[in-house]
Amino acid sequence: MASSTLNPAHPLAREAPARRPQSQWVMVFRQLRRNRGALVGLAIIIFMVIVAFAAPLIAPYDPLEQVVADALKPPSPEHLFGTDDVGRDMLSRIIYGGQITLRVGLISVTIAGTIGTLLGIIAGFYGGWLDTLIMRLIDILLAFPGLLLALTIIAILGPGLFNVMIAVGIGGIPSYTRVARGTTLTVRERDYVMSGRVTGCSDLRIMFRYILPNVLPPLIVLATVGVAGAILTAAGLSFLGLGAQPPTPEWGSMLTNGRTYLRQAWWFTMFPGLAVMVTVLAINMFGDGLRDALDPKLRR
Amino acid sequence: MTRYILNRLALTLPVILGVSILVFSMLHLVPGDPVTAMFIESGGASKEQIEQVRHLLGLDQPLPVQYWNWLVKVTQGNLGESIITKQSVAELIVQNFPSTIQLTVAGLGLAVLLGILLGIIAAIKHNSWIDNVTMVIGTLGVSMPSFWLGLLLIYTFGIQLRWVPITAGSDLRRLALPAIALGFSAAAIIARLVRSSLLEVLQEDYIRTAKAKGVRYPIVVVRHALRNSLIPVVTVVGLQFGGLLSGAVIIESVFARQGIGRLLVGALQARDFPLAQGCVLFVALVYVFVNLVVDLLYAFIDPRIRYE
């Protein structure tokens, strides 16, 4: 970050050892490379992304093609993950489901992160009545625990995958606002922000050029773990029949169907759930590593 | 302490008011006409029917008047009636709430017991294989969808081993699996928190003093360290209560249990607005109340907070 390096004319800079200043991200990357859990998580995430993008090339069957004669077939060389109640290939459906899951996670977190961060920076930067207003609104959102806010928004917008992304996104706003506001409060008193003010920068420029880069690191960790949370919540809503609608190959809604055939076909429930868990686990492992790498207290 | 309680109460009132406004607005935020939307599921309705429901819900009056009338009714315990079954919403909630609270409390109790136990073991055996296994369970716990865990439990203990009945019902034997499915992720969160909090406290000087005095290690951990490390856990338990209360929505559907969650999901699927509004308002108020209690409890446990 150019704004945080010292001017060579500064007395402190002259005393500093003659070492090239390292970008924070280079240090974070070095730290991450040493964390085995984070690397495994990242590898799984990359694998999932590739599989999701290459779904039409990799999937052995059409995920929507019904072959009633093949209904509820256990795993076999023809159908590695077995088939569902109308004879669709489970492996192909799970591969295509990855596309939906990643899209839901990313879009919800983008909604939550963008709105939440903006509100937090505005609240922290301006303070006063604007801060009070924003934070009271956030308090009201926080009064709806976990799924309840998403369910309330679904009640307004109606069921559907797109509405689930909006609902999960709005549900995620408070945490970003709180973190962004907290960091803004400490950052806005720093010298480089003051120097921005003195040189006559506009409020917008100070917020985006000086404050935003400094509030980003904790928010990136939050967003990473947030993708995992969003995937879990969205799968839950689809499981309840409020998200993706049949015949969309969404992992949560596949579990709803699987439940009906739990006695006859364990694979119908096992694989979609495993897919959700592995994805969420990988993102959490990577997120934990990222948090450790970004926390200077833990840096050796 | 009285001042702290009054301050905390003063902070709660605007939240409750805000929640009531948001829940009231649910019906008005629906894109298009809410009353027409209500009838979409049942295949449409005549103009007279729509007008009748509009009048019944008071939708033909100005918004502030509607809100005031609604608020007055709500404070009197009148949440309107279900559009589908015509039953009183308040009565439906009263019928269904005990089952939900039973499940939530059981899940939370399990989470606290298991979480604290695993956390202590992991902290005492820091960096050993036991610590590693506990932390793997912790990471798995927060990554596993509760509804999938529920289905796995039904399959293993209900269908394969036949240890527990899997038919619907709310007796204690039928409570075990839903409580585990609901509480497992909270247990994982609590275990991780207890572990890190305990590890931090175990570094303190007074722990070294206690050890130097010759106090036996298990007693040092339980009496000196655990007490102080449980302070952050109290807050998390409060937050987890809300998570479990709303998580019960899914678990009740998995296990076909009666409860507010199933009531709400049914209302959402049928677009039964008065019932959905009632359920959302009720659960949010319970959560606000629990958080208030937790904050007061927190001040009671940690005197530093009262004097801030």
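Residues numbered from 1 in each chain as written. Chains lettered and ligands numbered in written order. Predicted model: local features only at pLDDT ≥ 70, side-chain atom pairs only at ≥ 80, totals over all residues. Heavy atoms only, no water.

Participant: Can you break down the overall build of chain B residue by residue, with the values?
Facilitator: Within chain B one finds 14 helices and 0 strands. Mapped from its N terminus to its C terminus, chain B presents α and β elements in the order α-α-α-α-α-α-α-α-α-α-α-α-α-α. If one aligns the C-alpha atoms of chain B with their principal axes, the spans along those axes are about 85 × 55 × 30 Å. Taking contacts inside chain B between residues at least 6 apart in sequence as the whole, the part at least 24 apart equals 73%. Looking at chain B as shown, the accessible area adds up to about 15400 Å², and 64% of this sits on carbon and sulfur atoms. Charge-centre separation for chain B: the mean point of 23 positive side chains lies 13 Å from the mean point of 17 negative side chains. (Helix = DSSP H or I, 4+ residues; strand = E, 2+ residues; numbered from the N terminus. Contact = heavy atoms within 4.5 Å. Areas by Shrake-Rupley, 256 points an atom, 1.4 Å probe, with all protein chains shown as cover. Lys, Arg positive; Asp, Glu negative; His and termini not counted. Charge placed at Lys NZ, Arg CZ, Asp CG, Glu CD.)

Participant: I'd like a description of the confidence of the model for chain A, backed by residues and values.
Facilitator: All names here are of chain A. Confidence in the prediction of chain A, expressed as mean pLDDT, is 88, and 91% of residues score 70 or more. Between the elements of chain A, mean pLDDT differs from a low of 49, seen in helix α1 (residues 11–15), to a high of 95, seen in helix α5 (residues 90–126). Within the model, pLDDT remains below 50 along residues 1–6, and this stretch shows 7 contacts once partners closer than five positions in the same chain are excluded. (pLDDT = per-residue confidence, 0-100.)

Participant: How would you sum up the interface of chain B and chain A? Please name residues and give values.
Facilitator: Between chain B and chain A, the contact holds 42 residues from the first and 40 residues from the second. Roughly 3700 Å² is buried in total at the junction of chain B and chain A, and carbon and sulfur atoms are behind 80% of that figure. For the interface between chain B and chain A, the tally reads 1 salt bridge. Salt-bridge contacts for R192 of chain B lead to D288 of chain A; the nearest nitrogen and oxygen are separated by 2.9 Å. Summed over the shared surface of chain B and chain A, the number is 8 residue pairs in polar contact (both at pLDDT 80 or more). Along the lines of polarity and charge, the residues of the side of chain B that touches chain A split into 32 nonpolar, 8 polar and 2 charged. (Buried area = accessible area lost by both parts, 1.4 Å probe. Salt bridge = Lys/Arg side-chain N within 4 Å of Asp/Glu carboxyl O. Polar contact = N/O pair within 3.5 Å; in protein donor to acceptor, adjacent residues only side chain to side chain. Nonpolar A, V, L, I, M, F, W, Y, C, P; charged D, E, K, R; others polar.)

Participant: If you had to explain a nonpolar patch on the surface to someone new, which residues and values would you point to?
Facilitator: Taken together, the side chains of L39, L42, I46 and I50 of chain A present a nonpolar region at the surface, about 330 Å² in accessible area. On the secondary structure map, I46 of chain A appears in helix α3 (residues 36–53). (Patch = residues over 30% accessible without salt bridge, like charges linked within 9 Å, V, L, I, M, F, W, Y side chains within 5 Å.)

Participant: Provide a residue-level description of the nonpolar core, including the pertinent values.
Facilitator: Counting 150 residues, the largest nonpolar core has F144 of chain A together with V19 of chain B as its most contacted members. Among the elements that take part in this core, helix α10 (residues 203–239) of chain A stands out by supplying 15 residues, more than any other. In terms of domain composition, this core takes at least three residues from each of domain 1 (2–75) and domain 2 (89–301) of chain B. Those residues within four positions of V19 of chain B in sequence are excluded, and the remaining contacts are I140, A143 and F144 of chain A together with L281 and A284 of chain B. Within the second largest apolar cluster, 8 residues are counted, among which are V221, F286, L290 and A293 of chain A. (Core = buried A, V, L, I, M, F, W, Y, C linked by side-chain atoms within 4.5 Å. Buried < 20%, exposed > 50% of the residue type's maximum accessible area, 1.4 Å probe, protein only. Domains from an automatic or database assignment.)

Participant: I'd like a description of unusual backbone geometry, backed by residues and values.
Facilitator: Here the amide bond leading from P246 of chain A into P247 of chain A is cis, since omega sits at 5°, within 30 degrees of zero. For P247 of chain A, the position within the fold is in the loop between α10 and α11 (251–260). One non-glycine residue with positive phi stands out, namely K86 of chain B, at about 65°. In this structure, K86 of chain B sits in the loop between α4 (63–75) and α5 (89–124). One non-glycine residue, A256 of chain B, lies in the positive phi region at around 50°. Locating A256 of chain B in the fold gives a position in the loop between α11 (231–254) and α12 (260–270). Judged by relative accessible area, A256 of chain B falls into the partly exposed class, the value being 32%.

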